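Architecture and fold: a report
For reference, the chains in residue letters:
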Amino acid sequence: MPDLVRVHLTDGVPMRPLAMPFADRIEIRFGNAFPAVLVVDRDVVPQLRDVLDQGWRALQASAARQDGRHALAEEAPDARD
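What comes next is a walk through the structure. As the structure is a computational prediction, the values presented were derived from the model and not from experiment.

Conventions we followed
- Residues numbered from 1 in each chain as written.
- Predicted model: local features only at pLDDT ≥ 70, side-chain atom pairs only at ≥ 80, totals over all residues.
- Heavy atoms only, no water.
- Helix = DSSP H or I, 4+ residues; strand = E, 2+ residues; numbered from the N terminus.
- Expected span 1.5 Å × (residues − 1).
- Buried < 20%, exposed > 50% of the residue type's maximum accessible area, 1.4 Å probe, protein only.
- Arc of directions from axis to C-beta.
- Salt bridge = Lys/Arg side-chain N within 4 Å of Asp/Glu carboxyl O.
- Pairing = 2+ DSSP bridges.
- Axes fitted to C-alpha atoms, helices over the stretch in contact; angles between N-to-C directions.
- 1 Å grid on protein atoms, 1.4 Å probe; cavity = no way out; pocket = protein on both sides within 12 Å on 5 of 7 lines; lining within 4 Å.
- Points joined across faces, edges and corners; volume = space filled by probe spheres on them.
- Nonpolar A, V, L, I, M, F, W, Y, C, P; charged D, E, K, R; others polar.

As a further point, take helix 1 (residues 45-66). Here helix 1 is 22 residues long and its end C-alpha atoms lie 32 Å apart, about the 32 Å a rise of 1.5 Å per residue gives. Turning to helix 1, its buried residues number three or more, namely Asp53, Ala61 and Ala64. Seen end-on, helix 1 carries its buried residues on one side only, within an arc spanning 70 degrees. Facing away from the buried side of helix 1 by over 90 degrees, the exposed positions are Gln47, Leu52, Leu59 and Gln66. Looking one or two residues past helix 1, glycine 68 carries a phi angle of roughly 85 degrees, positive in sign.

Turning next to the pattern of salt bridges. The final tally for this structure, using the stated rule, is three salt bridges. Measuring nitrogen to oxygen at the nearest pair gives 3.1 Å for the salt bridge that ties arginine 25 to aspartate 41. Pair noted here: arginine 25 is in strand 2 (residues 25-30) and aspartate 41 is in strand 3 (residues 36-41), with a separation of 16 residues, a long-range link.

If you trace the three strands from one edge of the open sheet to the other, you get 1-2-3, paired in antiparallel fashion. Both outer strands of the open sheet, strand 1 (15-20) and strand 3, are each paired with one neighbouring strand and no more. Sheet twist, expressed as the average angle between the axes of neighbouring strands with direction ignored, equals 20 degrees. Relative to strand 2, strand 1 runs antiparallel, the two sharing six bridges. The residue of strand 2 that forms the bridge with methionine 20 is arginine 25.

A few words now on the layout of surface pockets. Here the largest pocket defines a volume of roughly 190 Å³. Taken together, Leu9, Met15, Arg16, Pro17, Ile28, Phe30, Leu38, Leu48 and Leu52 make up the full set of residues lining the largest pocket. When residues of the lining of the largest pocket are traced back to their parent elements, those giving at least two are strand 1, strand 2 and helix 1. Tallying contributions element by element places strand 1 first for the lining of the largest pocket, with three residues. Residue composition of the lining of the largest pocket, grouped by class: eight nonpolar, no polar and one charged. In this structure, the second largest pocket occupies an estimated 160 Å³ of space. Forming the walls of the second largest pocket are Arg6, Val7, His8, Leu9, Phe30, Ala36, Val37 and Leu38. With three residues, strand 3 is the largest single contributor of residues to the lining of the second largest pocket.

Below, the structure written as structure tokens:
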């Protein structure tokens, strides 16, 4: 896929949000020297949060299965815990 841009976020990558009320969007900067920027329109913020939560629940359910707990994705801890 030549049109794909991949940014790998780890716990060492700084993340800084910037509300841009004049443009009705949020800018999230990742990194320091050569930051990548994600620009999200206000209307898409809830959808982005939902997608991240879905991914988090899937990771938690996978980890639970590997640990032998077989938890359902709905039973996984909330991403904000």
